[in-house]
Each structure stands twice: as C-alpha cells, then as structure tokens.
Amino acid sequence: MRRVRQAVEDDVAELVRLRALLFETLGGSFFNPSSAGDWRDALAAVLKEQLTADSVRILAVDGDNGLAACGIGTIEQRLPGPHLLNGRIGHVIGVVTDPAYRRRGHSRAIMQGLLDWFREREVARVDLYASHDGEPLYRELGFVDHPDPSLYWRP
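Residues numbered from 1 in each chain as written. Predicted model: local features only at pLDDT ≥ 70, side-chain atom pairs only at ≥ 80, totals over all residues. Heavy atoms only, no water.

Student: Run through the sheet that holds strand β4 (residues 88-97), naming residues and quoting values.
Tutor: Pairing is mixed in the open sheet, where five strands are placed in the order β1-β2-β3-β4-β5. Lying at the two open borders of the sheet, with one neighbouring strand each, are β1 (4-6) and β5 (125-128). Neighbour-to-neighbour, the strand axes of the sheet open up by a mean angle of 25 degrees, direction not taken into account. Bridge count between strand β2 (residues 56-62) and strand β3 (residues 67-77): seven bridges; the pairing is antiparallel. In the sheet register, V61 faces β3, and the bridge partner there is A69. Together, β1, β2, β3, β4 and β5 form the strand contacts of helix α4 (residues 106-120), whose direction differs from that of β3 by roughly 25 degrees. (Pairing = 2+ DSSP bridges. Helix = DSSP H or I, 4+ residues; strand = E, 2+ residues; numbered from the N terminus. Axes fitted to C-alpha atoms, helices over the stretch in contact; angles between N-to-C directions. Contact = heavy atoms within 4.5 Å.)

Student: An account of the pairing of β2 is requested, with residue identities and associated values reported.
Tutor: Taken across its seven residues, β2 has five buried, putting it largely inside the fold. Two strands pair when backbone bridges link them, and β1 and β2 are joined in this way by three bridges, in the antiparallel orientation. Bridge pairing in β2 links V4 to V61. Here β2 folds back onto β3 in antiparallel fashion, the turn holding four residues, of which G66 has a positive phi close to 110 degrees. (Buried < 20%, exposed > 50% of the residue type's maximum accessible area, 1.4 Å probe, protein only.)

Student: Give me the lowdown on α4, citing residues and values where you can.
Tutor: The terminal C-alpha atoms of α4, which comprises 15 residues, lie 21 Å apart, in line with the 21 Å expected from a rise of 1.5 Å per residue. Within the sequence span of α4, burial applies to H106, S107, A109, I110, M111, L114, L115, W117 and F118. Where α4 is buried, its residues meet β1, β2, β3, β4, β5 and α5 (135-140). Two residues or fewer after α4 comes E122, characterised by a positive phi angle close to 55 degrees. (Expected span 1.5 Å × (residues − 1).)

The following block contains the structure:
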C-alpha cells in the first residue's frame, strides 16, 4: 500500500474527480441531482482555499495516474455543553477510493490519519455519514449510531 500524505494544490483536480465519484456511487437524486449546476468549479475553489487551513485536513493516497483515494476532515468550534465539553466537533467528509484501488486498505489508512489529527486537536466528537459499503470500516474504528436526531433545512 502507498503512503498517506497531505494533499497539495496540484491534487485539486483529482480531489474533485474523486468527490464526484463519491456522489455517483451514492446514487439517487439527492446525491446526484440532474440540475446540480457546475458545483465542481466551486468545489475546486474551496479546496484550494482549505488546503492550508488549520481546521481542515485533506489526506490523499497516490495511484499510478492520479489519486487512488482521499479523505477530508474538518473541525468546527461549537458552544461547549455536557456532551461536548470543549465544543470541538470533527467531521469526516467524503472518504473515497477509486474503484481500481479498492480493497487495499487506503480508506482505513486515511481514516487512521484523520483520527490521529482529531485526537491531536482534542476534538470531543467526530461525526460522519457512512455509505453502506463504508459502514463496516467505520464501526471497526469505533463509530457508533448517533444519539441525536438529525434534520436539515434548505433555504
């Protein structure tokens, strides 16, 4: 297995490709709407900004021609509470492996790198959304069902 490394600006096009692959894999109109517009350009711009942000960690594994896998972690500062003493919540966003490189431990290695980064920053909790295929890995790493009900609103 190739080593996990921090992504750099030259990786942005591949990070966008892998994120698009993630949405295609999840399927359905919510994840891959026909009227989504050109979100890829907006994603590329945000990724370029976030590559060096203290609250974001973007990890990648190189393939033969481009990236084999990537994963993004973010830290959000919320108000402290009884189950969130320092208010820091980590989010794992879009761990994805190119189909040609699956079943080689890349997602596990990326997740271990992100979890180490969250621990170093004393994150109180890490949240993620798991695909059906990814859920067994996350459960092996200690993730459990979230006790909070989740709703969302779109303006």
